[in-house]
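Now for the letters of each chain:
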Amino acid sequence: MEGPVRFLIPEGGLSMIDTPGGPFWDPAADRALFDALTATFRPGPNRRLTRLPHNVNDPAFADALVAAFGEIAA
């Protein structure tokens, strides 16, 4: 995809049950996925990947999504 596009990676977990102590909490597996995505991502003037320390359900991650969308929708 040539973009404009933003990819945001929620390093704090991919779901409500992918949190510390949750049944799907597996930081090593998440890290492997995120590292593979980062390694194969081709950045460009209209494509950016951002890794964030939040869970996908955290308000801070939602705020970052809204901000990223605002960058490309304006």
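Just above sits the structure.
Model, not experiment: these values are computed from the prediction. (Residues numbered from 1 in each chain as written. Predicted model: local features only at pLDDT ≥ 70, side-chain atom pairs only at ≥ 80, totals over all residues. Heavy atoms only, no water.)

## Some thoughts on the overall build of the chain
Helix and strand content of the chain: two helices and two strands. In the chain, the succession of helices and strands from N to C terminus is β-α-β-α. Here the C-alpha coordinates of the chain stretch approximately 40 × 25 × 15 Å along the principal axes. Among the 74 residues that make up the chain, the fraction classed as buried is 22%. Across the chain, every contact between residues at least 6 apart in sequence was considered, and the portion connecting residues at least 24 apart equals 67%. Across the chain, the mean location of the 6 positive side-chain charges is 10 Å away from that of the 9 negative side-chain charges. (Helix = DSSP H or I, 4+ residues; strand = E, 2+ residues; numbered from the N terminus. Buried < 20%, exposed > 50% of the residue type's maximum accessible area, 1.4 Å probe, protein only. Contact = heavy atoms within 4.5 Å. Lys, Arg positive; Asp, Glu negative; His and termini not counted. Charge placed at Lys NZ, Arg CZ, Asp CG, Glu CD.)

## Digging into the pattern of salt bridges
Considering all chains together, one arrives at four salt bridges under this definition. Taking the shortest distance from any N to any O, the salt bridge between R51 and E11 comes out at 2.4 Å. One end of the pair, R51, is in strand 2 (residues 47-52); the other, E11, is in the loop between strand 1 (5-10) and helix 1 (27-40), with 40 residues separating them in the sequence. Judged by relative accessible area, R51 falls into the partly exposed class, the value being 28%. (Salt bridge = Lys/Arg side-chain N within 4 Å of Asp/Glu carboxyl O.)

## Focus: the pairing of strand 1
Relative to strand 2, strand 1 runs parallel, the two sharing six bridges. Within strand 2, the residue paired with F7 across the bridge is L49. A crossover links strand 1 with its parallel partner strand 2, the connecting element being helix 1, and its sense is right-handed. (Pairing = 2+ DSSP bridges. Right-handed = clockwise from strand over helix to strand, strands pointing away.)

## Points about the packing of aromatic side chains
Counted under the stated rule, the structure contains one aromatic pair. With centroids separated by 5.2 Å and ring planes inclined at 75°, the aromatic side chains of F7 and F41 adopt a geometry described as edge-to-face. Taken together, the residues F7 in strand 1 and F41 in the loop between helix 1 and strand 2 connect sequence positions 34 residues apart. The class of F7 is partly exposed, set by a relative accessible area of 37%. By relative accessible area, which is 17% here, F41 ends up buried. (Phe/Tyr/Trp six-rings, centres within 6.5 Å; stacked < 30°, edge-to-face > 60°.)

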